[in-house]
Amino acid sequence: MIRLILIAVAFFAVLAFSPMLIGEKGYILIALGETTIESTVLSAIIMLIITFIVIFVAFKVIKGGFKFSFAAWNTVAFASQRRGIANFNKGLAAYMLEDYSQAEQLFAKSAIPSKRKQSAYLLAASASAKLALNDNTNHYLALLEQETSKEKELNLESVIIKVKLLMNQAEEACYKKAREIIDEHHKQIGHDARLLALEIDLCLIEQRFQTAIDYLPAARKDKTLNEQAIVAWENTAFYSVFNETIKQKDKDSLQAYWQGISRKLKQRENILLAYCTVLAEQDIIEPLNKLLLPIIKKSPSENFLKSIRSLPIKQADELISLVQKHLHNNMQSAKWLSCLGHLAVNAAQWSMAEKAFGSLLKLEGEQYDRQDLVALAIALTHDNRIEDANSIWLKVHQSQ
């Protein structure tokens, strides 16, 4: 507004002073090569002012039109992206509400317009995996692969999710694809616990048990991995290696393998029990007793005794004798009564098992558990005490 006022003032000033200049017109001559331009000073000033006003007005008109055009273009051009973002957000809400079918559709629909392709394809794959739609999951993973291949920097989270989704499908082709992806990023295993965990899981699925065992020390060192998960890996891996060794070779090879592992691993109860389980299954009694007798003699923990009660030891005379010595010192010990009963059941000494479990059931506070009841029911059944066995089986069902 101020500019317009100044322009108007200047214009009228020119008009006011122009008659005064008429008497002294002045003279201007401009020569450009062979071209000459002649004009009076007054005419030149008037033309300059008019030209300035025209340029200023034109600039304002063009600027206003440009602003209008840009706003209109912005509204049209980004409408699709805004709809894509809205669909993406709706997909997140549907996913959180466990409406996976709707979430999958919304994520797939929003991937391109929202310009969030990787996130959208990952979430769409996850949603379809929840619905066990493996073809859809693999389709989204393929689209994701196309997107990630364009990036120079590694997106490890994306890799981990892809491997998980592939492994969850539990199909041979998916396991192979997961293996390819893990091998492609093998150097990252030592730097990321999540990828290490997936590597161990996949090794166990592929029955590469020794490879899984080789990774376990690294898993033990990583404080972010769950202890329960590590113990489960150790149980599966070591039991399978022990079992494979004796079946593919012989008992001497099995004992040589056991002697070859570190003392620290031998002292770990779950690994010791995995070895003892294979020895018991193969009825290799002498090495089994050599391991268990010293432990039982020292009065081990109740948890350890609960663990060995499921060992299929058919020849348990030495172990039973040692347990009876412990009971001689304390006839009311629930852990030793339970241990004796299970050893007797596995050794098919039904009468001894019935007496041990009978004493256990009479202790105050119900110091027995469901596994004790099942073993007692088995003993009674084999001893042809069907009515008593049925009574115990009823207790087993009631304890579920």
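This write-up is about the structure you can find in this document. These figures come from a predicted structure and were not determined experimentally.

Looking at the element boundaries, Leu288 is found in helix α15 (residues 285-297). Leu288 sits in the buried class, given a relative accessible area of 0%. Counting along the chain gives 12 residues from Leu288 to Cys276, while the straight-line C-alpha distance between them is 6.1 Å. Other than its neighbours up to four places away in sequence, Leu288 contacts Cys276, Leu279, Ala280 and Ile313.

A word on the pattern of salt bridges. The tally for this structure, following the rule as stated, stands at 15 salt bridges. A salt bridge links Arg220 to Glu234, with the nearest nitrogen and oxygen atoms 3.0 Å apart. Of this pair, Arg220 sits in helix α10 (residues 209-221) while Glu234 sits in helix α11 (residues 227-248), and the two are 14 residues apart along the sequence. The salt bridge involving Arg268 is made with Glu234; its shortest N-O contact spans 3.1 Å. On the criterion of sequence distance, the pair formed by Arg268 in the loop between α13 (263-266) and α14 (269-281) and Glu234 in helix α11 is long-range, its members being 34 residues apart. For Arg268, a relative accessible area of 19% puts it in the buried group. Residues joined by salt bridges that share partners form a network here, namely Arg179, Asp183, Glu199, Glu206 and Arg208.

For the rest of this paragraph, the subject is the environment of Leu337. Structurally, the position occupied by Leu337 is in helix α18 (residues 334-346). Given a relative accessible area of 4%, Leu337 falls into the buried group. Considered as a pair, Leu337 and Ala353 are 16 residues apart in the sequence and their alpha carbons are 9.1 Å apart. Beyond its immediate stretch of four places on either side in the chain, Leu337 contacts Leu327, Met331, Ala356, Ser359, Leu360 and Leu363.

Each value, and the rule that gives it
- All chains use their own residue numbering, which begins from 1 and follows the written sequence.
- A pLDDT threshold of at least 70 governs which residues receive local features in this predicted model, and a stricter bar of 80 or more applies before side-chain atom pairs are shown or counted, although totals over entire chains, interfaces and linings include all residues.
- No hydrogens and no water enter the side-chain calculation; it runs on all heavy atoms of the structure.
- In DSSP terms, a helix is any run of H or I states spanning at least four residues, a strand is any run of E spanning at least two, and both are numbered starting from the N terminus.
- Throughout, exposure labels follow a simple rule: accessible area from a 1.4 Å probe, protein chains only, divided by the maximum for the residue type, with under 20% read as buried, over 50% as exposed, and the rest as partly exposed.
- Whether two residues are in contact is decided by their heavy atoms: any pair within 4.5 Å suffices.
- One speaks of a salt bridge when a side-chain nitrogen belonging to Lys or Arg is within 4 Å of a carboxyl oxygen belonging to Asp or Glu.

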